[in-house]
Amino acid sequence: MNSIAKEASISVAVRIRPLTPDESTLRKIVDVVDDRMLVFDPHSSSSENPRIGRHNKRHKEHKFIFDRLFDEDSSQSDIYENATKPSIDAALQGYNSTIFAYGATGCGKTFTISGTPESPGIIFLALKDIFDYVSQNSNEREISIQISYLEIYNENIIDLLNIETNTKKLTLLENENSEIIVNNLSKYNVSNVEDVMDLIIRGNYNRTVSPTEANLTSSRSHAVLQVYISQSPILNDVMENSTKSVLSIIDLAGSERASATKNTGLRLHEGANINKSLLALGNCINALCDNRKNHHIPYRNSKLTRLLKFSLGGNCKTVMIVCISPSYRHYDETLNALKFANRAKEIKTKVVRNKTTVMKHVGSYMKIISDQKRKIYEL
Ligand code: ADP
Ligand code: MG
C-alpha cells in the first residue's frame, strides 16, 4: 500500500418515502426546499398549525442541509446514480466503500437497499455495474468478485450463506493489516448478477424476522452484504497495480426505540440489543465529530460498530442513506433520524487506494498463471 491518504467526508443522503394510503389524512412534517435542503415541521409554531403533539411537547421548525435529498417521487435509479454510484466506482478503483441505510422501521431501508423485482434496489444496480466493468476489462485484468452475507442479531454474527455454521456465532478479528474480518465467514465466487441474487434469496431465507407492532414484516437485525473485488493486471508490458477492495452494503435494523414497539420479553431483549448497536453507532458518530486529538472512539461497544470501524473512521468511502417517512405518525423517529444524519455528515475519513505495485517480471508470471488457469477452466 503506497498511496497518500485523502480526507473524505461521509456522504449523507436523505430519502423520503411516499405516504402510505393510511397516512394520507395525516399532516406532512417534511418540506423539500431543493435537492439538498429540507425543513422539518414547517411553520409548526404558526397559528395554522397549533402546537399539538403526541407527547404535548413544543413543536419547532428545523432546517437541515444534506449532501443529497431525495423526495417521494425519486426512483431507485435516481438514488443509485446520484447517491451511491460514486462509491461503486471508488470500489472498482480499489477503495473500500460502504453504503448503509439508516432509519425507523417502515421508512424504506429495505426498499432502498434490496427493492422489489419490479424496482430493484442498490444491491442489484451496483452488482450489474460491477459485472459490466468486469466484462469490459477482462482483457487487461484478472478480476475476481466474491460475496459474503451476514446478519447481526442480538449482538451475534450469523453467516446467512452457510447453513452448517448458521447456528454458530462468528467472531470478529483484526488482521495484520489492522482490518476487521469475520472469522470463518463463507465467501462465494460470483460471476453474474443472477448468482448474487440467488445467494441473497437463499440468505434472506435464513434471516431472523419477526412481527412487531411497529411493522409486521420488520426485520430486527442488521444485514451486511460484502463484495470483495480483487484485480490484477494480465498484460506484462505495462507496470500496473493490483488492487483489493471491499464494498459493504448494509440494511440496518429499525432505529426506533424499543418502547415504540411495545415489546416485552424476548422481543424487548432484541430491541435492547438493536438499540445497543445503534446507540453505539450514534456514540461513535458523536465521538468522530469531536475534533479533539486522540479522542477515544468507542467502536468496541457493539458488533456493528466494530464491523463498521473502518467505514466510519478509517480507510473507506462511506455513504449513509437515511430513510424517513413524511408523515406526522413518525414525528419523533424522523426528527431523531435527521439529527443523526446531520451529525454524521461532519465525519471525516481517510481513504487510501488499496494497491500493490506489480513489477514487470512479476506481471509476466501472472500472465503465465492466468493463461494456465484459463486452460484449466476450458478443459
Ligand atoms: P424498512 O426496511 O425501513 O423497515 P421498507 O423498505 O420495508 O422499510 O418499507 C416499508 C414499506 O414501504 C414497504 O412496503 C415498501 O415497499 C414501501 N416503500 C418504502 N419506500 C418506498 C419508496 N421509496 N417507494 C415506494 N414504496 C416504498
Ligand atoms: Mg427492512
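Residues numbered from 1 in each chain as written. Chains lettered and ligands numbered in written order. Predicted model: local features only at pLDDT ≥ 70, side-chain atom pairs only at ≥ 80, totals over all residues.

**Describing the site of ligand 1**
Taken together, 14 residues lie around ligand 1, and Arg-17, Gly-108, Lys-109, Thr-110 and Phe-111 are the ones closest in. The dominant element in the shell around ligand 1, judged by the number of residues it contributes, is helix H2 (residues 109–113), at three residues. Classifying every residue of the shell around ligand 1 gives four nonpolar, eight polar and two charged. (Near = placed C-beta within 6 Å. Helix = DSSP H or I, 4+ residues; strand = E, 2+ residues; numbered from the N terminus. Nonpolar A, V, L, I, M, F, W, Y, C, P; charged D, E, K, R; others polar.)

**Examining unusual backbone geometry**
Even without being glycine, Asp-41 reaches a positive phi, approximately 50°. Mapped onto the elements of the fold, Asp-41 is located in the loop between strand E4 (37–40) and strand E5 (62–65). Positioned with a positive phi, Asn-154 is a non-glycine residue whose angle comes to about 50°. Structurally, Asn-154 is set in the loop between strand E8 (141–153) and strand E9 (156–159). Residue classification places Asn-154 among the partly exposed positions, given that 18 C-beta atoms sit within 10 Å. (Buried ≥ 20, exposed ≤ 12 C-beta atoms within 10 Å, placed from the backbone.)

**A few points about the pairing of strand E7 (residues 97–102)**
For E7, the buried fraction is high: six of the six residues fall into the buried class. Covered by surrounding structure in E7 are Ser-97, Ile-99 and Ala-101 together with Thr-98, Phe-100 and Tyr-102, the residues of both alternating faces. Examined bridge by bridge, E7 and strand E14 (residues 241–251) share five bridges and lie parallel to one another. Residue pairing in the sheet places Ile-99 in a bridge with Ile-249 of E14. Relative to strand E15 (residues 317–324), E7 is paired through six bridges, and the arrangement is parallel. Within E15, the position partnered with Ser-97 by the bridge is Lys-317. (Pairing = 2+ DSSP bridges.)

**Some words on the sheet that holds strand E3 (residues 30–32)**
A sheet is described by the order of its strands in space; here three strands give the open sequence E3-E4-E5, paired in antiparallel fashion. Strand pairing shows two members of the sheet lacking a second neighbour, E3 and E5, which therefore form its edges. Across the sheet, the mean angle separating the axes of adjacent strands is 25° when strand polarity is ignored. (Axes fitted to C-alpha atoms, helices over the stretch in contact; angles between N-to-C directions.)

**Quick look at the UniProt feature "binding site: ATP" (unreviewed entry) in the chain**
According to UniProt, the feature "binding site: ATP" (unreviewed entry) maps to Gly-103, Ala-104, Thr-105, Gly-106, Cys-107, Gly-108, Lys-109 and Thr-110 in the numbering used here. Among the secondary structure elements, Cys-107 is positioned in the loop between E7 and H2. Other than its neighbours up to four places away in sequence, Cys-107 contacts Arg-17, Cys-323, Ile-324, Ser-325 and His-330. Relative to the assigned elements, Lys-109 resides in helix H2. Excluding anything up to four places from it in sequence, Lys-109 contacts Ala-101, Gly-103, Asp-251, Leu-252 and Cys-323. (UniProt positions renumbered as here; feature names shortened; annotations may be inferred. Contact = placed C-beta atoms within 7 Å.)

**Section: helix H3 (residues 122–137)**
Between its first and last C-alpha atoms H3 spans 22 Å; for 16 residues at 1.5 Å apiece the expected length is 22 Å, and the two agree. Residues of H3 that are buried: Ile-122, Ile-123, Phe-124, Leu-125, Ala-126, Leu-127 and Ile-130. (Expected span 1.5 Å × (residues − 1).)

**Observations concerning helix H4 (residues 193–205)**
In a regular helix each residue adds 1.5 Å, so 13 residues correspond to 18 Å; H4 covers 18 Å between its end C-alpha atoms and thus fits that length. For H4, the secondary structure elements touched by its buried residues are H3, E8 and strand E13 (222–233).

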